[in-house]
Amino acid sequence: MRSPTTRLSALALIAIVAPATIVAILGYVSLRQWERSAELLFREQARDVAAMAAEKVEMMLRVAEDAFLARVQAQLATGETTEPALDRIVADSPLVRRLYVFERDGALLYPRAWRDPADAALFGETLRPRLQAVWERGGKREVVAGGQVCLAVLLRPRGEPVLVAYVRDADALRRDILETSLAALESPTVVAVLDQDGRAVYARSALGRAEPVLAIPMREGLPDWRVAVYAPPGASPGDMVRRQVMLFTAAFGVLVAVIVAGVMLTWRLTRRETEMAQLKADFVANVSHDLKTPLSVIRMFGETLEMGRVPDEARRQEYYRIITHESERLSHLIDNVLDFSRIEGGRRRYDLAPTAVEPLIRETLDAFAYPLEQGGFKVEVTVAPDLPEAPMDAEAISQALANLIDNAIKYSDTDRVIALEAHRDGEGIALSVTDRGVGIAPGEHARIFEKFYRVGRSETQGRRGSGVGLALVRHVAEAHGGRVSVRSTPGQGSRFTLWLPLGPGGGACPVS
Ligand code: ADP
């Protein structure tokens, strides 16, 4: 047969490890899938954002430059290329820093001299082949010099073409075109514009530790430039998955903890139930045995007397006393069981009335005169003088005291001395019963007051009993607003103290 520990381990394996493993695997697989699709979706969204940004920039730039060229064309169409008029148009166009108009043969028509000394080299050496190419391609607009210079062919009044070249203003481009078109873009990502060298000309917010997602090239307006999309720190799919993993792990931990707690609780409950069932079975067996013993004695002595086999009067008296004592024991036992059943059913009522303590002790003790005498017990009763009357249910307290005395007799060994004491203790009265019997191990002190509990289960040190005596004593004490405590050393004896308050509502219970 398998031991309970093996069974519990198997149960724990099935109830905790198996579902936990399945949940962990499922969680891992679904997180990986989720990560892949989140990354794909994130890239697609980033691509859309980049395309939209490029489109907006291109459009704004084209509109601004078309307007500028239209004004230049209008001026050229008048036939006058007077410098002041063109100067004014340039001054009105923040996007254009410098404008040059060339004849077909390359001669500078406007302005009369290079506005910037560097432009002579730029247009003379670097851009000459490109200027030529523009003429050859029929004057289609072209952006050269890394997006700095724009070339276009315009017409003079008689249809004579001229080449217009203008140098863009980098600040205005950033401020009026990039910022204006991209600032309002709605996206959690960071959008930036990179020049031909990969430098960020404009970024919607600080790039800092943002992770690059993708970059797409711009078209005609700013060739060689790119729109790049970055994920701000913590917003990339990887970060989101990491957060999700943490959340999942925490939830998983809580789940496992709950399952473990549930299994432990179920196990403890089952163990308690099994224990309780066992205790109840023992209780029935013990009570039946306890009832049978005095009954057999009564019957035996009754029959002996009936048959007239006892000629000796003193012996007859002795038999009568035994019968009386055994029937008293029987009533005591039945009272205990009935009371216990009333307590369990919540039907036990207590009628408190001021009661003198000493007579109560002596009357209770009288009922044990026979077994005490038979067992050769020495009884010491010490009642403090002037002990006030205490509010109590005399019957219940007497029964509780009887249970303590009965135990003292039952669990005494060779040293047969029982001491009963009553004295004031704080706001109440302490009634104690002390024996020099077998004693109780410290680990059992709390449990002996539980119902059906007996040290070493059914047969405590060879003495019969039902296991409800001390449970009853505790109930009676608590019903009076008091308590019962024990001090005991194995092999040396035990002292049970019943503390009852003197005040009607119960005084302060001393902690000793
Ligand atoms: P029982 O009918 O078994 O005596 P009780 O509820 O009166 O039931 O006591 C519970 C257990 O406490 C006993 O089984 C016994 O082990 C222990 N016990 C009670 N009183 C004493 C005592 N005076 N000395 C030693 N053990 C005691």
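As a starting point, this report considers the structure included with it. Because the structure is a prediction, the values reported are computed rather than measured.

Cut-offs and rules
- Here the residue numbers are simple positions, counted from 1 along each chain's written sequence.
- Local features in this predicted model are restricted to residues of pLDDT 70 or higher, and side-chain atom pairs are both shown and tallied only at a pLDDT of 80 or more, whereas totals for entire chains, interfaces and linings draw on every residue.
- Side-chain calculation: all heavy atoms of the structure are included, whereas hydrogens and water are not.
- Counting from the N terminus, the helices are the DSSP runs of H or I reaching at least four residues and the strands are the DSSP runs of E reaching at least two.
- Only protein chains enter the accessibility calculation, which uses a 1.4 Å probe. A residue is then buried if its area is under 20% of the maximum for its type, exposed if over 50%, and partly exposed in between.
- We call two residues in contact when some of their heavy atoms are within 4.5 Å.
- Each accessible area value is a Shrake-Rupley result obtained with a 1.4 Å probe; residue values ignore everything except the protein chains displayed when judging cover.
- The sign given to each residue is positive for Lys and Arg and negative for Asp and Glu; His and the chain ends receive no count.
- Note on charges: their place is set at NZ of Lys, CZ of Arg, CG of Asp or CD of Glu.
- The length a helix should cover is 1.5 Å for every residue beyond the first.
- What makes a salt bridge here is a side-chain nitrogen of Lys or Arg within 4 Å of a carboxyl oxygen of Asp or Glu, nothing more.
- We call a residue near a molecule or strand as soon as one heavy atom of that residue lies within 4 Å of the molecule or strand.
- Counted as a polar contact is a pair of N or O atoms within 3.5 Å, where, for protein atoms, one must be capable of donating a hydrogen and the other of accepting one, and residues adjacent in sequence contribute only when both atoms are in side chains.
- To pair, rings of Phe, Tyr and Trp, with the six-membered ring standing in for Trp, must have centres within 6.5 Å; the planes then decide the type, stacked if under 30 degrees apart, edge-to-face if over 60, and tilted in the middle.

Things to note about the overall build of the protein
Step number 1: Scanning the protein from N- to C-terminus turns up 11 helices and 16 strands.
Step number 2: Seen along its three principal axes, the alpha-carbon backbone of the protein occupies a region of about 165 × 60 × 35 Å.
Step number 3: Taken across its 512 residues, the protein has 40% of its residues classed as buried.
Step number 4: In the protein, the share of contacts with a sequence separation of at least 24, taken over all contacts with a separation of at least 6, comes to 65%.
Step number 5: Of the accessible surface of the protein, which amounts to about 28,000 Å², a share of 56% is contributed by carbon and sulfur atoms.
Step number 6: Taking the average place of the 63 positive charges on the side chains of the protein and the average place of its 66 negative ones, the gap between the two points comes to 5 Å.

Quick word on the environment of Arg 436
Step number 1: Relative to the elements of secondary structure, Arg 436 occurs in the loop between β14 (428-435) and α11 (469-479).
Step number 2: Distance in space between the C-alpha atoms of Arg 436 and Ser 412 is 6.2 Å, their sequence separation being 24 residues.
Step number 3: Here Arg 436 is in contact with Asp 415, Val 417, Gln 492 and Gly 493, once residues within four sequence places are set aside.

Section: helix α6 (residues 237-306)
Step number 1: The end-to-end C-alpha separation of α6 is 101 Å, in line with the 104 Å expected for 70 residues at 1.5 Å each.
Step number 2: Trailing α6 by a residue or two, Gly 308 shows a phi angle of about 65°, which is positive.

What about the pattern of salt bridges?
Step number 1: Under the defined criterion, the tally for this structure stands at 31 salt bridges.
Step number 2: Of the charged contacts in the structure, one is a salt bridge between Glu 83 and Arg 115, with a shortest N-O distance of 3.2 Å. Of this pair, Glu 83 sits in helix α2 (residues 83-92) while Arg 115 sits in the loop between β2 (108-110) and α3 (117-126), and the two are 32 residues apart along the sequence.
Step number 3: Where Arg 447 meets Glu 275, a salt bridge forms, and the shortest distance between an N and an O atom there is 3.6 Å. Residue Arg 447 is located in the loop between β14 and α11, and its partner Glu 275 is located in helix α6; the two are separated by 172 residues in the primary sequence.
Step number 4: A relative accessible area of 29% means that Arg 447 is categorised as partly exposed.
Step number 5: A residue is classified by how much of its surface remains accessible, and Glu 275, at 34% relative accessible area, is partly exposed.
Step number 6: Connected via shared salt-bridge partners are Glu 83, Asp 87, Arg 112 and Arg 115.

Regarding the site of the ligand
Step number 1: Taken together, 20 residues lie near the ligand, and Asn 407, Tyr 411, Asp 435, Arg 454 and Leu 470 sit nearest.
Step number 2: Between an oxygen atom of the ligand and a side-chain N or O atom of Lys 410, the distance comes to 3.0 Å.
Step number 3: Arg 454 places a polar side-chain atom, nitrogen or oxygen, 2.4 Å from an oxygen atom of the ligand.
Step number 4: For the ligand, whose unbound accessible area comes to 530 Å², protein coverage reaches 98%.
Step number 5: Sorting the residues of the shell around the ligand by element identifies α10 (394-410), α11 and β16 (493-501) as the ones contributing at least two each.

Focus: the packing of aromatic side chains
Step number 1: Tallied over the entire structure, the rule returns 10 aromatic pairs.
Step number 2: Note on Tyr 100 and Phe 102: the rings are 6.4 Å apart at their centroids and 35° apart in plane angle, and the pair reads as tilted. Each member of the pair, Tyr 100 as well as Phe 102, is classed as buried.
Step number 3: Ring geometry for Phe 340 versus Phe 452: centroids 5.5 Å apart, planes at 65°, classification edge-to-face.

Things to note about the side chain of His 445
Step number 1: Secondary-structure assignment places His 445 in the loop between β14 and α11.
Step number 2: Engagement of the side chain of His 445 in a polar contact is seen with the backbone oxygen of Ile 440, the distance being 3.1 Å.

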